[in-house]
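Chain residues, written in single-letter form:
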Amino acid sequence: MEKRQLLYEGKAKRMYATDDPGLLAVEYKDDATAFNGLKKGSIAGKGVLNNKISAFFFTLLGQHGCDSHFVSLLSEREMLVKKLEIIPVEVVVRNIAAGSLAKRLGLQEGTTLTRPVLEFYYKDDALGDPMVNKYHIYALGLATPAQVGALSAQALQINRILSEFLRERGLILVDFKLEFGVHNGKVLLGDEISPDTCRFWDANTKNKLDKDRFRQDLGGIEEAYQEIYRRITGEISNV
Ligand code: ADP
Ligand code: UDP
């Protein structure tokens, strides 16, 4: 596999073409942004950790029958993925009230939701990723009812698999964001699953081990990402 031209540089990753038109190389950056790009910074070693953590979760999901775009790791910071036609809808799954949900519905952070909540956001930086429902998605032609059905079922299945895996490692999966795309006509999980896109709390101390440490200037950001890597893989990271 040969890495070719840069196709897209986003806030957290660079996407490269490869000599195979069906495959992309993803490079994970140390850059961190929050509040729709208003807060900018860098987290040392984040790219390496998010690459490895995402690869780990994609592999785990695959073992449970939930396929993703992940093909293989290419290097410390890079993975090979199947090229998707990204569905411009960010899918958020929540188990516990935090972040924008706590604020919007006046719930205290940490309130357990009696069942998982699924939310959709229109992926549009200029608009600040507004929340949308199925009617908006169909009216705007962002996805078909069959695609929304498929990605919703996958998102809830992913929540069950990851929540159980993390619970056994002393971690609470508070909420997370997924992106899906179309590959050979099928809806497939894409993007990343990492402390940038999930809220992970220590089950005992309720310590935040994710990007909220950056959003809320809590310090210990690098250590939190390393801790997630250690808990899920059982290995100490060398970054
Ligand atoms: P952003 O675009 O929000 O700044 P990133 O820096 O994470 O985010 O950039 C990665 C981009 O690549 C995102 O726009 C994401 O939707 C897209 N993407 C993720 N996985 C794939 C894939 N397998 N095929 C095509 N595009 C993908
Ligand atoms: N999230 C994300 N990218 C976004 C928005 C949210 O990865 O552009 C994740 C976020 O890390 C959290 C979940 O989705 O795990 C829910 O985020 P929320 O709506 O509470 O928004 P935030 O607090 O990030 O503004």
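One can find the structure itself at the top, above this paragraph.
Right, let's talk about the packing of helix α1 (residues 46-63) against helix α4 (residues 145-167) for a bit. Between two packed helices, the angle of one axis relative to the other and the distance separating the axes together describe the packing. Contact pair α1 / α4: the axes reach a minimum separation of 10 Å and the direction vectors enclose 115°. Between α1 and α4, the crossing angle belongs to the class labelled roughly perpendicular. Considering how the two elements wind past one another, α1 and α4 form a crossing that is right-handed. Contact with α1, carried on its side by Phe-56, Phe-57, Leu-60 and Leu-61, involves Ile-158, Ile-161, Leu-162, Phe-165 and Leu-166 of α4 and no other residues of that element. Of the residues in the contact of α1 with α4, the class split is nine nonpolar, no polar and no charged.

For the rest of this paragraph, the subject is the state of the cysteines. Covalently bonding the sulfur atom of one cysteine to the sulfur atom of another cysteine gives a disulfide. Under the counting rule described, the total for this entry stands at zero disulfides. No disulfide involves Cys-66; its sulfur sits 14 Å from the nearest other cysteine sulfur, which is in Cys-198. Residue class for Cys-66 comes out buried when judged on its relative accessible area of 2%. Overall, the relative accessible area of 4% leaves Cys-198 in the buried class.

With that settled, the discussion passes to the sheet that holds strand β3 (residues 23-28). Overall, antiparallel pairing links the five strands, which are arranged β1-β2-β3-β7-β6 in an open sheet. Each edge of the open sheet is held by one strand with a lone partner, namely β1 (3-9) and β6 (70-73). The mean angle between the axes of side-by-side strands here comes to 30°, regardless of whether they run parallel or antiparallel. Relative to strand β2 (residues 13-18), β1 runs antiparallel, the two being bridged by four bridges. For Glu-9, the partnering residue across the bridge sits in β2 and is Arg-14.

To continue, consider the site of ligand 2. If you check the shell around ligand 2, you find 16 residues, and the closest are Arg-94, Ser-100, Asp-175, Arg-199 and Arg-215. Separating an oxygen atom of ligand 2 from a side-chain N or O atom of Asp-175 is a distance of 2.6 Å. Isolated, ligand 2 exposes 500 Å² of accessible area, and the fraction of that covered by the protein chains is 76%. With respect to the pocket detection grid, ligand 2 is positioned in the largest pocket. Classifying every residue of the shell around ligand 2 by side-chain character gives five nonpolar, three polar and eight charged.

The rules we used
Numbering of residues begins from 1 in every chain and follows the order in which that chain's sequence is written. The naming scheme follows written order: chains are lettered A onward, ligands numbered 1 onward. For this predicted model, a pLDDT threshold of at least 70 governs which residues receive local features, and a threshold of 80 or more governs which side-chain atom pairs are given and counted, while totals over whole chains, interfaces and linings are taken from all residues. Each side-chain value is worked out from all heavy atoms of the structure, with water and hydrogens disregarded. An axis is simply a line fitted to the C-alpha atoms; with a helix, the fit covers only the stretch in contact. Between two such axes, the angle follows the N-to-C directions and lies from 0 to 180 degrees. Secondary structure elements follow DSSP: runs of H or I of four or more residues count as helices, runs of E of two or more count as strands, with numbering from the N terminus. In this scheme, roughly parallel covers angles under 35 degrees and roughly antiparallel covers those over 145, while 65 to 115 is roughly perpendicular and the rest are oblique. Take the far helix as the reference: if the near one is turned anticlockwise from it by less than a right angle, the crossing is left-handed, and if turned clockwise, right-handed. Any two residues whose heavy atoms approach within 4.5 Å at even a single point are treated as in contact. Residues were grouped as follows: Ala, Val, Leu, Ile, Met, Phe, Trp, Tyr, Cys and Pro as nonpolar; Asp, Glu, Lys and Arg as charged; and all remaining residues, including Gly, as polar. Only a pair of cysteine sulfur atoms within 2.5 Å counts as a disulfide in this structure description. Type-normalised accessible area, obtained with a 1.4 Å probe on protein chains alone, sets the label of each residue: buried when under 20%, exposed when over 50%, and partly exposed for intermediate values. Here a strand pair is declared whenever DSSP counts at least two bridges between the two strands. One heavy atom suffices: a residue is near a molecule or strand as soon as one of its heavy atoms comes within 4 Å of it. Pairs of N or O atoms are called polar contacts if they sit within 3.5 Å, as long as, within protein, a hydrogen donor faces a hydrogen acceptor (for residues adjacent in sequence, only side-chain-to-side-chain pairs). To be clear on the numbers: accessible area is Shrake-Rupley with a 1.4 Å probe, and residue cover counts the displayed protein chains and nothing else. Within this scheme a cavity is a closed region of a 1 Å grid, computed over the protein atoms alone, that accommodates a 1.4 Å probe without allowing it to escape, whereas a pocket is open but has protein on both sides within 12 Å along at least five of seven lines; lining residues each have an atom within 4 Å of a point. In this description, a molecule resides in a pocket or cavity if more than half of its atoms sit within 2 Å of the grid points defining it.

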